[in-house]
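Secondary and tertiary structure notes
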Amino acid sequence: MNLRRFIPLFDDSVSEWGLEARLLRWLTLVWLFVGLIMLFSASYAVADVRHDDGLYYFKRQLLWVLVALILFNIVVNLPLRKFLGMSHWFMFLLLGLIFVTMIPGVGKNELGAARRLVGPVPIQPSELIKPFLVLQSARVFGQWEQLSWRVRLTWLGIFCLVILGILAQPNLSTASLCGMTIWLIALAAGLPYKYLGGTAIGGVLLALLSVSFREYQRKRVMSFLDPWADATGNGYQLVQSLLAVGSGNTWGAGFGLSQQKLFYLPIQDTDFIFSVFAEEFGFVGSVVLLVMLGLFATLGLIVALKTTHPTYRLIAIGVTVVMVGQSLLHIGVATGALPTTGLPLPMFSYGGNSMIASLVAAGLLIRVARESSEAEVIPLRGGGRNRPERLTNRKKF
């Protein structure tokens, strides 16, 4: 085995990939590069004051990017069936860690939510579980008709435990994203509408129940409706975000010249990093970012339509929903189109767990693209010269 294939920037097999896989790889790397540049700008002033080092957050993010890129290259170079065979074990492990974070002294409480484990490495299982949730839900719904009702109900119960565990941390935004991802994968798999309709109603009721029982979530919804009514209180985050986005005008203030990031806009390196981007690059820059997300979604859809394997198709759809859907939710919060939530912008926001989850998910989509294109025509080693053999890619996992 050539180990160079698993090291970022040394993978010499890229030229042999199909067109969609190569385009997705370059788009992912461009997305990552722009995100790093934006994090440098958004975090410098705060890092300089808090840690006497303006590059404090940026340097740590670079270390996480290196780890994530190695995992990314491993994913794009190993068969999908291997990840599908391991996905349920990772699901069980991370599901257990989600509940462990709620144990006092073990979970780190930040801003009223216990989402990370205490320790030298800040593990956030609710972020890391996303790619494995896509894999396992695609695996279950991709062979739904072949499964017994006992197996079906068991996995539906596990998916519900994941969502309830994340909701109990509490983390309504991530729980909602995971629930929507599972639901959309089930929809793409062709499950009966009576099941889908019932679960959709149940999900909405669960979200309403969470908002009604938690006062801070209820205040966020009220401040979203009219942030200016309490501009220095509950509406402060959204008001400052809107001021940042509005200050960008058409072309933006220029790279590094955001004023709102100078201790006006809270959590500007994670939850509101798009606001800094919009202020510095304006309406034009924001449209370019949306176009990039549109290209990623289009390529994801093309990959899903090209593959003949039902489970692989659902993986492509699930990854596209997670990457693009989470990005649009983040942008919706920053622009006041959605209630304020703590959802990072993939490959932009500071945080190693989000970076690893994003690049692993992107790697899975690229792997689907590779297997769907490389399985179409394989030259025979023996017999005739340059004769192709077409495969239907109906592998069992």
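All values derive from a computational prediction rather than experimental measurement.

So, the confidence of the model for the chain
Here the chain shows a mean pLDDT of 88. Residues at 70 or above account for 90%. Low confidence marks residues 377–397, where pLDDT is under 50. Its contacts with residues over four positions away, or in another chain, come to 30 contacts.

As for the packing of helix H3 (residues 80–100) against helix H5 (residues 149–168)
Two numbers describe a pair of packed helices, the interaxial angle and the distance between the axes. Close contact between H3 and H5 brings their axes to 9 Å; oriented N to C, the two are set at 35°. When the axes of H3 and H5 are compared, the crossing they make is left-handed. Contact residues: H3 offers His-88, Met-91, Phe-92, Leu-95, Ile-98 and Phe-99, while H5 offers Trp-155, Ile-158, Phe-159, Leu-161, Val-162, Gly-165 and Ile-166. Tallied by class, the residues present in the contact of H3 with H5 amount to 11 nonpolar, two polar and no charged.

Here's the deal with a nonpolar patch on the surface
A cluster of nonpolar side chains, namely Val-49, Leu-262, Phe-263 and Tyr-264, defines an oily patch on the protein surface of about 400 Å² accessible area. Tracing the backbone through its elements, the reader meets Tyr-264 in the loop between helix H9 (236–247) and helix H10 (273–306). Using a relative accessible area of 46% as the deciding quantity, one classes Tyr-264 as partly exposed.

As for the pattern of salt bridges
One pass over the structure, following the stated rule, counts five salt bridges. Between Glu-20 and Lys-306 there is a salt bridge, and its shortest N-O distance comes to 3.5 Å. Taken together, the residues span a long stretch of sequence, with Glu-20 in helix H1 (residues 19–51) and Lys-306 in helix H10 at a distance of 286 residues. Residue classification places Lys-306 among the partly exposed positions, given a relative accessible area of 34%. The closest approach of N and O atoms between Glu-127 and Lys-130, which form a salt bridge, is 3.0 Å.

Here we look at empty space enclosed by the protein
All chains considered together, the criterion is met by two cavities of 30 Å³ or more. The computed volume of the largest cavity comes to approximately 50 Å³. Contributing elements (two or more residues each) for the lining of the largest cavity: helix H4 (125–142), helix H11 (310–334) and helix H12 (352–374). Broken down by class, the residue content of the lining of the largest cavity amounts to six nonpolar, two polar and two charged. As a volume, the second largest cavity reaches approximately 30 Å³.

So, the packing of aromatic side chains
Any aromatic ring pair is given by two values, namely how distant the centres are and how the planes are angled relative to each other. Following the criterion strictly, the structure yields 17 aromatic pairs and no others. Ring centres of Tyr-57 and Tyr-350 lie 5.0 Å apart, and the angle between their planes is 70°; this geometry places the pair in the edge-to-face category. Taken together, the residues Tyr-57 in helix H2 (residues 56–77) and Tyr-350 in the loop between H11 and H12 connect sequence positions 293 residues apart. Put simply, the rings of Trp-89, Phe-92, Phe-141, Trp-144, Trp-149, Trp-155, Phe-159 and Tyr-195 pair up and form one aromatic cluster. A cation over a ring is seen here: Arg-60 above Tyr-56, with NZ or CZ 3.6 Å from the ring centre.

Here's the deal with the layout of surface pockets
Roughly 380 Å³ of internal volume is contained in the second largest pocket. Lining the second largest pocket are 19 residues, with Leu-71, Phe-90, Phe-132, Ile-356 and Val-360 positioned closest to its centre. Those elements that provide at least two residues to the lining of the second largest pocket are H2, H3, H4 and H12. Tallied by class, the residues present in the lining of the second largest pocket amount to 18 nonpolar, one polar and no charged.

Re the UniProt feature "transmembrane region" (unreviewed entry) in the chain
UniProt tags residues 23–42, 62–80, 86–106, 149–168, 196–213, 281–305, 312–335 and 347–366 as "transmembrane region" (unreviewed entry). Secondary structure across residues 281–305 comprises 100% helix and 0% strand; the distance between its end C-alpha atoms is 35 Å. For residues 347–366, helix accounts for 75% and strand for 0%, while the C-alpha atoms at its two ends are 16 Å apart.

Rules of the game
Residues numbered from 1 in each chain as written. Predicted model: local features only at pLDDT ≥ 70, side-chain atom pairs only at ≥ 80, totals over all residues. Heavy atoms only, no water. pLDDT = per-residue confidence, 0-100. Contact = heavy atoms within 4.5 Å. Axes fitted to C-alpha atoms, helices over the stretch in contact; angles between N-to-C directions. Helix = DSSP H or I, 4+ residues; strand = E, 2+ residues; numbered from the N terminus. Left-handed = near helix turned anticlockwise from the far one by under 90°. Nonpolar A, V, L, I, M, F, W, Y, C, P; charged D, E, K, R; others polar. Patch = residues over 30% accessible without salt bridge, like charges linked within 9 Å, V, L, I, M, F, W, Y side chains within 5 Å. Areas by Shrake-Rupley, 256 points an atom, 1.4 Å probe, with all protein chains shown as cover. Salt bridge = Lys/Arg side-chain N within 4 Å of Asp/Glu carboxyl O. Buried < 20%, exposed > 50% of the residue type's maximum accessible area, 1.4 Å probe, protein only. 1 Å grid on protein atoms, 1.4 Å probe; cavity = no way out; pocket = protein on both sides within 12 Å on 5 of 7 lines; lining within 4 Å. Points joined across faces, edges and corners; volume = space filled by probe spheres on them. Phe/Tyr/Trp six-rings, centres within 6.5 Å; stacked < 30°, edge-to-face > 60°. Lys NZ or Arg CZ within 6 Å of the ring centre and 35° of its normal. UniProt positions renumbered as here; feature names shortened; annotations may be inferred.

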